[in-house]
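# Geometric and topological summary
One-letter residues, chain by chain:
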Amino acid sequence: MRAWLELARPLLLQRRAQSSHEHRRENIVMSISLVSNAYLDDNSSKVRSKPVPWEGYQRAGLITTEELAQIKKVDRQPRPKIDSLLLSDGQTYSQLYLRLLKKLQGVDAQRCILVMIADALSDHEERIALFTRTSEVDAELPYGPLLRLLDAQDDFVQLKSTQILTVLLSAETSPIQQQYLLPFLNTLSNFISHPVAHKRDIAVQCLEAILPRSECRKAVWGSPSIISGFVEILRHNPGPQMCYQIGFCFWLLTFEQEIAEQLNKKYDIIPLLTDVAKAAVKEKVIRVIIATFRNLVSKAPSQNLPAMLVAQLLPFVKNLSTRKWTDEDIIEDVLYLRDELNARFESLTTYDEYSSELLSGHLSWTPVHESELFWKENATKLNDKDYEQLKILIRLLKESNDPVVLAVAAHDIGQYVKHYERGKKVLQDLDAKTRVMELMTHHNADVRYQALISVQRLVSHPWAAV
């Protein structure tokens, strides 16, 4: 699969008019191969060389004499011979493999059959239909046996089933039924946060393959552990290939309007992707992240542009616009982002900048915080819409673990009280005073200092509202 994704992405990221961008992406036809992973490849080789006691299964009445004869013709046989049989009698063998998978419980037999199915599909897209058409003779096929094996105790059986399901599901010509999609995604969700690296790798590749489908994007969005799994992987500085693959998944996800509107709000993805792009040495990593940002801006500008400005994306894309690129798509996307961010930046008032920073949750020592004139003119604006922005400031004070955010938030609380005397009663009612006092014992010296100053302002004058 890694091979077809590498071939497909330049096509997917082809130059597009904004109005037809999604239409073109949805109509690109891609060749399909298997998920590529060293664990699967190495263990598949071992399975091919290990004999399976098919005669024992026949004597036990688990397979018929006819099935024994058929399986012996392909078991551990040279590839040309197997290809010839599949060419002449492919439908028989696709039914045989799935039927045996349905009724045999032995791990060795399951492993062998899964490898046979995967080998049949590898580099042969035309054979996918041989397996999907098995539903015409048995409604439980092809998905029933494979989905059951997702719960197998044997890692290889579980992962090989996932590999095969990815090929079959991504090739479906009609929307995938939820009864198939949801257990499949539940398995990928478990893999994506698994401590074993090859499980995470396989999960990401499988998601890359199915996310071009709208119903899969929506279903993945309904599985928060998958998105949070992506985020967690990126936070641990994976290699360029994994950064690229997860970036590719986010790019695909952001073609959905709801996801583009909510992604950063729920997962704080913009600063994280910005940091990944800034640290990237591979052009393809920057390309896919910039393409993701373009989707976020074009589909949900009001939700995403403020966070992008706070994340200092504008100076970054200005820098990118001066570089030499081998891919024309990145140039178009960089210029689009630069122009959109620049227009937004030029239209901002000073208080808009503060609001954007507050909404992003990434408070830092930008000039507005330490400007007495700013607070004199704007402190009461925190009261608008039933203290909406003041409540955001208090939430950051209570929930953030970042010492810089806590120090700035404590400072801003002090400035609010200094320039709005009635604010003391408001903060008392919103249970902010106790939290500021708690921060006077914080391990960070700057947080302690800013909390101390704010507490002094909270208690140094009589209540104006009493």
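Note: the structure precedes this text.
This one's a predicted model, so the numbers in the text were calculated from it and none came from an experiment.

Rules of the game
Residues numbered from 1 in each chain as written. Predicted model: local features only at pLDDT ≥ 70, side-chain atom pairs only at ≥ 80, totals over all residues. Heavy atoms only, no water. Helix = DSSP H or I, 4+ residues; strand = E, 2+ residues; numbered from the N terminus. Rg over C-alpha atoms; globule rule 2.2 N^0.38 Å. Buried < 20%, exposed > 50% of the residue type's maximum accessible area, 1.4 Å probe, protein only. Contact = heavy atoms within 4.5 Å. Areas by Shrake-Rupley, 256 points an atom, 1.4 Å probe, with all protein chains shown as cover. Lys, Arg positive; Asp, Glu negative; His and termini not counted. Charge placed at Lys NZ, Arg CZ, Asp CG, Glu CD. Salt bridge = Lys/Arg side-chain N within 4 Å of Asp/Glu carboxyl O. Arc of directions from axis to C-beta. Polar contact = N/O pair within 3.5 Å; in protein donor to acceptor, adjacent residues only side chain to side chain. Core = buried A, V, L, I, M, F, W, Y, C linked by side-chain atoms within 4.5 Å. Axes fitted to C-alpha atoms, helices over the stretch in contact; angles between N-to-C directions. Parallel < 35°, antiparallel > 145°, perpendicular 65-115°, else oblique. Left-handed = near helix turned anticlockwise from the far one by under 90°. Nonpolar A, V, L, I, M, F, W, Y, C, P; charged D, E, K, R; others polar. Phe/Tyr/Trp six-rings, centres within 6.5 Å; stacked < 30°, edge-to-face > 60°. Lys NZ or Arg CZ within 6 Å of the ring centre and 35° of its normal.

Helices and strands together make up the secondary structure of the protein chain, namely 28 helices and zero strands. Relative to a compact globule of 466 residues, whose C-alpha radius of gyration would be 23 Å, the protein chain shows 28 Å and is clearly more extended. Structurally, the protein chain occupies a C-alpha span of about 95 × 45 × 35 Å along its principal axes. Counting all 466 residues of the protein chain, 53% fall into the buried class. Here the contacts in the protein chain between residues at least 6 apart in sequence split such that 71% fall between residues at least 24 apart. Here the protein chain has roughly 20,900 Å² of accessible surface; of this, 51% comes from carbon and sulfur atoms. Charge-centre separation for the protein chain: the mean point of 56 positive side chains lies 2 Å from the mean point of 58 negative side chains.

Using the criterion set out here, one finds 25 salt bridges in the structure. For Arg-79, the salt bridge goes to Asp-83, with nearest N and O atoms at 3.2 Å. Remark: Asp-83 and Arg-79 occur in helix H6 (residues 79-103); sequence separation between them is four residues, near one turn of the helix. Residue class for Arg-79 comes out partly exposed when judged on its relative accessible area of 38%. Judged by its relative accessible area of 21%, Asp-83 is partly exposed.

It is worth spelling out helix H16 (residues 257-267) at this point. Taken together, the buried positions of H16 are Ile-259, Ala-260, Leu-263, Asn-264 and Tyr-267. On an axial view of H16, the arc spanned by its buried residues comes to 110 degrees, and they lie on one face. Looking at H16, the residues exposed on the side facing more than 90 degrees away from the buried face are Glu-258, Lys-265 and Lys-266. Buried residues in H16 make contact with helix H13 (214-221), helix H14 (224-235), helix H15 (240-253), helix H17 (269-279), helix H18 (283-299) and helix H19 (301-310). Just downstream of H16 lies Asp-268, where phi reads positive at about 50 degrees.

Before going further, it helps to examine the environment of Tyr-143. Within the secondary structure, Tyr-143 is located in helix H9 (residues 143-148). Assessed through its relative accessible area of 3%, Tyr-143 is described here as buried. In this structure Tyr-143 touches Leu-165, Leu-168, Leu-169, Glu-172 and Tyr-180, once residues within four positions along its chain are discounted. Here Glu-172 takes part through its side chain, which lies 2.5 Å from a polar atom of the side chain of Tyr-143.

Counting residues in each nonpolar core, the largest one holds 122 residues, and the members touching the most others are Trp-54, Leu-185, Leu-207, Phe-230, Phe-250 and Phe-293. With residues up to four places along the chain from it excluded, the contact list for Phe-230 reads Ile-192, Val-204, Leu-207, Ile-246, Cys-249, Phe-250 and Leu-253. If you look at the next biggest cluster of nonpolar residues, it comprises 34 residues, including Val-368, Leu-390, Val-405 and Val-447.

With their axes 10 Å apart at the nearest point, H6 and helix H7 (residues 107-121) run at an angle of 130 degrees to one another. When the interaxial angle is binned, H6 and H7 end up oblique. Seen from above, H6 lies across H7 with left-handed handedness. Along its contact with H6, which presents Arg-79, Leu-86, Tyr-97, Leu-98, Leu-100 and Leu-101, the element H7 presents Gln-110, Ile-113, Leu-114, Met-116, Ile-117, Asp-119 and Ala-120. Looking at the contact of H6 with H7 residue by residue, the class counts come to 10 nonpolar, one polar and two charged.

What follows is about the packing of aromatic side chains. By the definition in use, this model includes 13 aromatic pairs. Plain terms: the ring middles of Tyr-143 and Tyr-180 are 4.6 Å apart, the flat faces sit at 35 degrees to each other, and that makes the pair tilted. You can see Tyr-143 sitting in helix H9 and its partner Tyr-180 sitting in helix H11 (residues 178-192), a full 37 residues away along the chain. When sorted by exposure, Tyr-143 lands in the same class as Tyr-180, which is buried. Measuring from centroid to centroid gives 5.7 Å for Phe-248 and Trp-251, while their planes differ by 35 degrees, and the two rings are tilted. In this pair, Phe-248 and Trp-251 both sit in helix H15, three residues apart, roughly one turn of the helix. Using a relative accessible area of 0% as the deciding quantity, one classes Trp-251 as buried. An aromatic cluster of three or more residues is present, and its members are Tyr-351, Tyr-354, Phe-374 and Trp-375. Seen from the ring of Tyr-351, Lys-381 lies directly overhead, with NZ or CZ sitting 5.1 Å from the centre.

These values are about where atoms sit, not about what they do.
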